[in-house]
Every structure is written in C-alpha cells, then in structure tokens.
Amino acid sequence: MRAGFPDFRLGSVLATSFTGTLSERHGDAVERIPTPQRLVDWLAVYGLAVDSCTTAQLDLARELRESIHAAATAAAIQDVLPAPAVHVINNRSAQGRAAAILTPEGKRQWQLGSASCVEDALSVIAADAISIISGERDGKLALCASPTCQAAFFDTSQSRTRKWCDMNTCGNRQKKARFNANQRRNPGPAE
C-alpha cells in the first residue's frame, strides 16, 4: 500500500468490499480512496486494472459506492431499496464494456474494454452489487454490529449469523472494548 494512506480493508465480495473504502461511517470516517490514484490501486487489487483515473471518475466511483451502501443497508434490514441508489447502480452496470471470461483454471475473470477505463470497472462492481442485493447469490446481507461502523457485508458463513464486517478490525475492537469494560467493573485482587 502507498505510504500516507490507510490500508484497504479487503474482503471476498467485490461490491461490499468497495463500500468498505469508506469505513467508520458513524464515527471518525476513514476515506480509503481519497485520490484518483488510490482508486486505481484498489481496482488493481481486485483484478480490475485501469490505466488512469480522473477526479470526475473518482466522483462517479464514490457515488456508486454510496449507492451500493444505501441499497445494501436497506436490503439487510429488509427495507425498501432507495430509488436513487437503484438508479445509480443500474446506470453504472449498463455503462461499462466489461466481459466475464473463463480462465484455464476454471475461474471467472473480468476483461475490461480496450481502453481499460474506470467506467468499465465500475460496471463490474455494480453488477456484483446487483447479484448480492437481488438475492441471486448464496449468502445474506447484514450490517456490522460495531456502532461506529455499521458497514453492509455479505455473510456467507454456514449459519449466516456473522456480526462483524471484519473480525480483524471491528470484531476485535468490540471484543477488546467488552473485555476492558469487564475488567473495570470486576478488577482483580489487589497485589
């Protein structure tokens, strides 16, 4: 990762990992793609390498990110999907020229248009969001139990009862806070 920027929070589901580029939404928000080059870096991590990114394309990406977050949050709490968010997701999905290709190893990989532009990569992310929000994939949308995070994530655990968007950050932070609170309430014997 580039020096001076927060690390990416990586996950296995493209769309919800993309919404994680803004974390701690209900606390001290952390923007993980503050510059166009950072978006290029994030896309490369997910196999969506693009040649460059403009400020206007970064704005499109952030609009998509927030639309996915709004729609995924609504779906997680079984609320009506916000029409403006659905509109943005559908537009981004339809505007790209990405194609799914099959690798020799039998995996799906995305091939972006010949110009490898950001809009093509955003269409892949939007299509992934559509597949999870529509219930097309095996799993369930949930919200992180951390009061400062509340990120939407896609739970593919067998029991579908995961509480944290990421155990290494939100889960550990909450467990540590609970442990410290218990220690203050029940101090051990004085030495």
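Residues numbered from 1 in each chain as written. Predicted model: local features only at pLDDT ≥ 70, side-chain atom pairs only at ≥ 80, totals over all residues. Heavy atoms only, no water.

Colleague: Would you mind showing me how to read helix H2 (residues 36-45) here?
Modeller: In an α-helix there are 3.6 residues to a turn, and that puts residues three or four apart on one side. The complete set of buried residues in H2 reads Arg38, Leu39, Val40, Asp41, Trp42 and Leu43. Backbone geometry just after H2 places Gly47 at a positive phi near 75°. (Buried < 20%, exposed > 50% of the residue type's maximum accessible area, 1.4 Å probe, protein only. Helix = DSSP H or I, 4+ residues; strand = E, 2+ residues; numbered from the N terminus.)

Colleague: Hey, could you run me through the packing of aromatic side chains in this one?
Modeller: By convention here, two paired aromatic rings are described through the distance between centres and the angle between planes. Within this structure, the stated rule accounts for two aromatic pairs. Measuring from ring centre to ring centre gives 5.1 Å for Phe18 and Trp42, while their planes differ by 50°; the resulting arrangement is tilted. Here the residue Phe18 occupies a position in helix H1 (residues 14-19), and Trp42 occupies one in helix H2, the gap between them amounting to 24 residues. Just as Phe18 is buried, Trp42 falls in that class too. Take Trp42: its relative accessible area is 0%, and that puts it in the buried class. One aromatic cluster is present, built from ring pairs that chain together Phe18, Trp42 and Tyr46. (Phe/Tyr/Trp six-rings, centres within 6.5 Å; stacked < 30°, edge-to-face > 60°.)

Colleague: Before we go on, may I ask you to explain the environment of Ala127 in this structure?
Modeller: Here Ala127 shows up in helix H5 (residues 118-133). Residue class for Ala127 comes out partly exposed when judged on its relative accessible area of 29%. Linking Ala127 and Ser93, residues 34 residues apart in sequence, is a C-alpha distance of 5.4 Å.

Colleague: Would you mind going over the pairing of strand S6 (residues 152-155) with me for this structure?
Modeller: A regular strand places its side chains so that they alternate between the two faces of the sheet. Burial of the side chains of S6 extends over both faces: Ala152 and Phe154 are buried on one face and Phe153 and Asp155 on the other. Pairing of strand S5 (residues 140-143) with S6 involves four bridges; the strand directions are antiparallel. Bridging from a neighbouring strand, Leu141 pairs with Phe154 of S6. (Pairing = 2+ DSSP bridges.)

Colleague: So what exactly am I meant to see when it comes to H5 here?
Modeller: Relative to the 22 Å expected for 16 residues at 1.5 Å per residue, H5 spans 22 Å between its end C-alpha atoms, a close match to the ideal helical length. In terms of residue burial, H5 counts as a mostly covered element, since 13 of its 16 residues are buried. In the stretch just after H5, Gly135 is the one whose phi turns positive, near 85°. (Expected span 1.5 Å × (residues − 1).)

Colleague: Whenever I open this one, the environment of Gly47 confuses me. Can you help?
Modeller: Within the secondary structure layout, Gly47 lies in the loop between H2 and helix H3 (55-76). Gly47 gets classed as partly exposed once you look at its relative accessible area, which sits at 42%. In this structure the C-alpha to C-alpha distance between Gly47 and Trp110, which are 63 residues apart in sequence, comes to 7.4 Å.

Colleague: What is the right way to read the pattern of salt bridges from this model?
Modeller: Pairs may arise between side chains of opposite charge once their charged atoms sit close together. Overall, the coordinates contain nine salt bridges when judged by the stated rule. Between Arg25 and Glu66 there is a salt bridge; the shortest N-O distance is 2.6 Å. Of this pair, Arg25 sits in the loop between strand S1 (22-23) and strand S2 (30-31) while Glu66 sits in helix H3, and the two are 41 residues apart along the sequence. Classification of Arg25 by relative accessible area gives buried; the value is 18%. A salt bridge links Arg97 to Asp120, with the shortest nitrogen-to-oxygen separation between them at 3.7 Å. (Salt bridge = Lys/Arg side-chain N within 4 Å of Asp/Glu carboxyl O.)

Colleague: I'm lost on the nonpolar core in this one. Help?
Modeller: Inside soluble globular proteins, nonpolar side chains tend to come together where they are buried. Membership of the largest hydrophobic core comes to 35 residues, with the highest contact counts inside it found for Phe18, Leu39, Leu64 and Ile125. Elements with a minimum of two residues in this core: H1, H2, H3, helix H4 (83-95), H5 and S6. Looking at this core element by element, the count peaks at nine residues for H5. Beyond its immediate sequence surroundings of up to four residues, Phe18 is in contact with Ile33, Leu39, Trp42, Ala61, Leu64, Arg65, Ile68, Leu122 and Ile125. Counting eight residues, the second largest nonpolar core, distinct from the first, contains Ala142, Cys144, Cys149 and Phe153. (Core = buried A, V, L, I, M, F, W, Y, C linked by side-chain atoms within 4.5 Å. Contact = heavy atoms within 4.5 Å.)

Colleague: Where do I start with the pairing of strand S4 (residues 108-111) in this structure?
Modeller: Where strand S3 (residues 99-102) lies against S4, four bridges are found, and the strand directions are antiparallel. Directly across from Ala99, in S4, lies its bridge partner Gln111. Count of turn residues in the S3/S4 antiparallel hairpin: five residues, of which Gly106 carries a positive phi of about 85°.

The values are spatial; any link to function lies outside them.
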